[in-house]
Every structure is written in C-alpha cells, then in structure tokens.
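So you can see what is in the structure, the chains are spelled out below.
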Amino acid sequence: MKILVMNGSPTAESRTRGIAEYAANVLKEKGIDVSFFDAGKDRLPLFTGDTAEREDEAVRGLSKAADEADGFFICTPEYHNGMSGALKNALDFLSGGHFKNKPVAISAAAGGGKGGINALNNLRTVMRGLYSLVLPDQFVADPLHFNEERELSEELATLRVSALTDQLIDLTKVVSANKQNLTEE
C-alpha cells in the first residue's frame, strides 16, 4: 500500500506541514509506503491548462506520486475560509484518474477557535469532484496543538491523527481488495 501525504501550505514556517509530517511518520511506523508532496518546497508553476506545464519536473513528480498512490492524506491551512491556493493549484494539475475510488483523509491547520472547517468543506467538495472517497472523519488543529517548532505535539491531537491514519489504512485495504477481486473475475 502506498499513501501520498500532501502538505498544502506554501509557507516556510507552517503548522500544516507539522500535521502532514506527523501523519507521514505514523503511516511509516504502521508499515505503509509513503510519498510526500510539500507545496512549500515542491514549487509548481501556476496552472493555466497549457500542456507544456506538464513537463515541469515538480508537476511530473506530483503526477507520478498520485498515480502510484492507493490513498491520500491531504492537509491544508485555512485561508479566507477555503483551502490554500497552492493546494488547489496542485490539485488542478491532477485529474479524476489520479483519485477515482481512492480513499482520502483530510486535515486542516487553523488559526484558532472554530477555524479550519470551511477549508475542509472546500477541500471535501473538490475531492468529490475528483471522484475520491473522502473519509467522513477529519481533523482540525489549532495553534495550541503544536510545539514551538510547529510540530504536532499535543496528545489528543496526535491520537486523532493516528486514528485518522487507521481509518485511511482500513478503507484503502478494503478498496484495494475489491479492485483485486474485480480484476480476477
């Protein structure tokens, strides 16, 4: 099983990256093959629909990782009640073929209070448009869930992310088994 973890924050000092890195480490500890896309480090050109953009090295890497993924763990900051533009740009380079019938766990880093939910609603809508199987559960982290290095550290938050990775693994196993059964018939 291979999971693509995506950090949708373009900023250098990102709490969203802290969630993504924590999820990736938990998945690895559970024996999952993990690939990682970081919108702050794997800089993509602005999507314009020009087919020449697909030759960009970062775009090719993202597309290959999405093709090979059996499931996804996608993290976004909440910007003005939506997902980050960098994450949306990355998703625009992909298609339904990358996501169709693949499980997706979603998470957001919020500024506090009741933030994050609108970003996740926005992300959930886009992922549905890409034909993915978004888990009903989701996770929002507030600043208090992180240490000074922006690592996810608060105990209940780490337990929630770990539980979300379990759900992602379980659904990915079921979907993969069903795909295998259909090809054997």
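Anything mentioned here points back to the structure above.
Peer 1: Whenever I open this one, the environment of Ser-9 confuses me. Can you help?
Peer 2: For Ser-9, the position within the fold is in the loop between strand 1 (2-7) and helix 1 (15-29). By relative accessible area, Ser-9 is classed as buried at 2%. Sequence separation of Ser-9 and Leu-144 is 135 residues, and the distance between their C-alpha atoms is 18 Å. Aside from chain neighbours lying at most four places away, what touches Ser-9 is Ser-14, Thr-16, Arg-17, Asp-38, Ala-39, Gly-40, Pro-77, Tyr-79 and Ser-84.

Peer 1: So what exactly am I meant to see when it comes to the pairing of strand 1 here?
Peer 2: Each regular strand shows side chains that alternate between the opposite faces of the sheet. Burial within strand 1 is extensive, with six of its six residues counted as buried. Alternating positions in strand 1 separate into two faces, Lys-2, Leu-4 and Met-6 on one and Ile-3, Val-5 and Asn-7 on the other, with burial throughout. In this region the chain leaves strand 1, passes through helix 1 and returns to the parallel neighbour strand 2 (residues 33-38); the handedness of that crossover is right-handed. Two elements, strand 1 and strand 3 (residues 71-77), share five bridges in a ladder whose sense is parallel. Along strand 3, the bridge assignment pairs Asn-7 with Cys-75.

Peer 1: I tried to follow the environment of Asp-33 on my own but got confused; where do I start?
Peer 2: For Asp-33, the position within the fold is in strand 2. Placed 30 residues apart in sequence, Asp-33 and Ile-3 show a C-alpha to C-alpha distance of 6.4 Å. Leave out the neighbours within four places in its chain, and Asp-33 touches Met-1, Lys-2 and Ile-3.

Peer 1: It is not clear to me how the pattern of salt bridges should be interpreted in this structure. Could you clarify?
Peer 2: Evaluated as defined, the whole model comprises eight salt bridges. Among the ionic pairs, Lys-64 bridges to Glu-68, the shortest N-O distance being 2.7 Å. Of this pair, Lys-64 and Glu-68 both sit in helix 2 (residues 57-68), four residues apart, which is roughly one turn of the helix. Taking relative accessible area as the criterion, Glu-68 reaches 36% and is therefore assigned partly exposed. Asp-137 is the partner of Arg-160 in a salt bridge, and the nearest nitrogen-oxygen pair spans 3.2 Å. Of this pair, Arg-160 sits in helix 6 (residues 155-184) while Asp-137 sits in the loop between strand 5 (133-134) and strand 6 (139-141), and the two are 23 residues apart along the sequence. A relative accessible area of 33% places Arg-160 in the partly exposed class. Overlapping salt bridges bring together Lys-2, Asp-33, Lys-64 and Glu-68 as one network.

Peer 1: How should unusual backbone geometry be read in this particular structure?
Peer 2: In terms of backbone geometry, most residues other than glycine have negative phi values and most peptide bonds are trans. Residue Asn-81 is not a glycine yet carries a positive backbone phi of 70°. The phi torsion at Tyr-131 lies on the positive side, around 65°, for a residue other than glycine. Tracing the backbone shows Tyr-131 in the loop between helix 5 (117-129) and strand 5.

Here is what the cut-offs are and how they apply
Residues numbered from 1 in each chain as written. Predicted model: local features only at pLDDT ≥ 70, side-chain atom pairs only at ≥ 80, totals over all residues. Heavy atoms only, no water. Helix = DSSP H or I, 4+ residues; strand = E, 2+ residues; numbered from the N terminus. Buried < 20%, exposed > 50% of the residue type's maximum accessible area, 1.4 Å probe, protein only. Contact = heavy atoms within 4.5 Å. Right-handed = clockwise from strand over helix to strand, strands pointing away. Pairing = 2+ DSSP bridges. Salt bridge = Lys/Arg side-chain N within 4 Å of Asp/Glu carboxyl O.

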